Amino acid sequence: TGPIVHGFIRKNKRMSQWAIFAPIRLLFFVIGNFLLKGFSLRCFFIDPISTEIKIMGGVVTALNASLGNTLKKGAYDLRELFHATMESAIGLTLFFVAMWVFIFSFLIIANGIGSAIRNENTTCQGQLGSEKDGYQNFQCVVVEGGAIISTISGLIALSFFIRMFRHQRKVVRAINYLPS
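Residues numbered from 1 in each chain as written. Predicted model: local features only at pLDDT ≥ 70, side-chain atom pairs only at ≥ 80, totals over all residues. Heavy atoms only, no water.

A. Molecular detail of the overall build of the protein. The helix and strand tally for the protein stands at four helices and two strands. Starting at the N terminus and walking to the C terminus, you meet the elements of the protein as β-β-α-α-α-α. For the protein, with 180 residues in total, the buried portion stands at 24%. Here the contacts in the protein between residues at least 6 apart in sequence split such that 43% fall between residues at least 24 apart. For the protein, the accessible surface area stands at approximately 12,700 Å², while carbon and sulfur atoms represent 68% of it. (Helix = DSSP H or I, 4+ residues; strand = E, 2+ residues; numbered from the N terminus. Buried < 20%, exposed > 50% of the residue type's maximum accessible area, 1.4 Å probe, protein only. Contact = heavy atoms within 4.5 Å. Areas by Shrake-Rupley, 256 points an atom, 1.4 Å probe, with all protein chains shown as cover.)

Next up, the structure:
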């Protein structure tokens, strides 16, 4: 919490909690959870908070099984906290990527207007910096950067929709097993 400056800088927060570092933090969370789930390994010298929550949830679930459902609410709360942490990281990453798509959209419009004024092609031709003026280098950065950011946002959205589709299939299967 706290006021947000310039759209992505949180005042009174550590630098690692800024939206600029959201994709790196999400990648760290995903790697930590993958290592724990797939190989039962701990992450690097420090585990991400989502992995620690998942480990604590496993311990509470094991205690719950041996003590007889006395910690059922605690296990549920830790599971929900894990999902909330991951959703927060995904949401902040999507915000960061969407912000860059928005910025590159304006740069592409400026590129098109400048190309029309100069009566030039709007594509990047040749190598960056080789016998080009500053505007042609700007064109290369805008065109290639816009394509890269759009690809990243598309891949993030695709992975999100695939996960949602899998979750919906699990829910439908669970509903089918309910007595009618």
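B. View of the packing of helix α3 (residues 72-118) against helix α4 (residues 134-176). It is the contact of α3 with α4, at a shortest axis distance of 8 Å, that shows an interaxial angle of 150 degrees. Taken as a pair, α3 and α4 cross one another with a handedness that is left-handed. Here the residues of the contact of α3 with α4 are counted per class, giving 18 nonpolar, eight polar and two charged. (Axes fitted to C-alpha atoms, helices over the stretch in contact; angles between N-to-C directions. Left-handed = near helix turned anticlockwise from the far one by under 90°. Nonpolar A, V, L, I, M, F, W, Y, C, P; charged D, E, K, R; others polar.)

C. Fine view of the pattern of salt bridges. Summed over all chains, the structure comprises one salt bridge. Here Lys 73 and Asp 77 are joined by a salt bridge, their closest N and O atoms 3.6 Å apart. With Lys 73 and Asp 77 both in helix α3, this residue pair falls four residues apart, about one helical turn. By relative accessible area, Lys 73 is classed as exposed at 59%. (Salt bridge = Lys/Arg side-chain N within 4 Å of Asp/Glu carboxyl O.)

D. Fine view of the packing of aromatic side chains. Under the criterion given, the structure shown has three aromatic pairs. Judged by centre distance (6.4 Å) and plane angle (70 degrees), the ring pair of Phe 96 and Trp 100 falls under edge-to-face. Remark: Trp 100 and Phe 96 occur in helix α3; sequence separation between them is four residues, near one turn of the helix. Its relative accessible area of 32% is what places Trp 100 among the partly exposed residues. Ring centres 6.1 Å apart and planes at 45 degrees place the aromatic pair Trp 100 and Phe 104 in the tilted group. With Trp 100 and Phe 104 both in helix α3 and four residues apart, this pair spans about one turn of that helix. For Phe 104, a relative accessible area of 12% corresponds to the buried category. Through a chain of ring-to-ring contacts, the aromatic side chains of Phe 96, Trp 100 and Phe 104 assemble into a single cluster. (Phe/Tyr/Trp six-rings, centres within 6.5 Å; stacked < 30°, edge-to-face > 60°.)

E. Focus on the nonpolar core. One finds Leu 26, Phe 29, Ile 53, Val 60, Ala 75, Leu 78, Phe 82, Met 86, Ala 89 and Ile 90 forming the largest nonpolar core, which totals 10 residues. The leading source of residues in this core is α3, at six residues. Those residues in contact with Ile 53, other than ones at most four positions away along the chain, are Leu 78, Leu 81, Phe 82 and Thr 85. (Core = buried A, V, L, I, M, F, W, Y, C linked by side-chain atoms within 4.5 Å.)

F. Broad picture of the packing of helix α2 (residues 49-67) against α3. Direction vectors running N to C along α2 and α3 enclose 160 degrees, while the axes themselves pass 9 Å from each other. Regarding the angle of α2 to α3, the classification is roughly antiparallel. For the pair α2 and α3, the sense of crossing is left-handed. Taking contact as the criterion, the partners of Ile 49, Ser 50, Ile 53, Lys 54, Met 56, Gly 57, Val 60, Thr 61 and Asn 64 in α2 are, on α3, Lys 72, Gly 74, Ala 75, Leu 78, Leu 81, Phe 82, Thr 85 and Met 86. Split by residue class, the contact of α2 with α3 holds nine nonpolar, six polar and two charged. (Parallel < 35°, antiparallel > 145°, perpendicular 65-115°, else oblique.)

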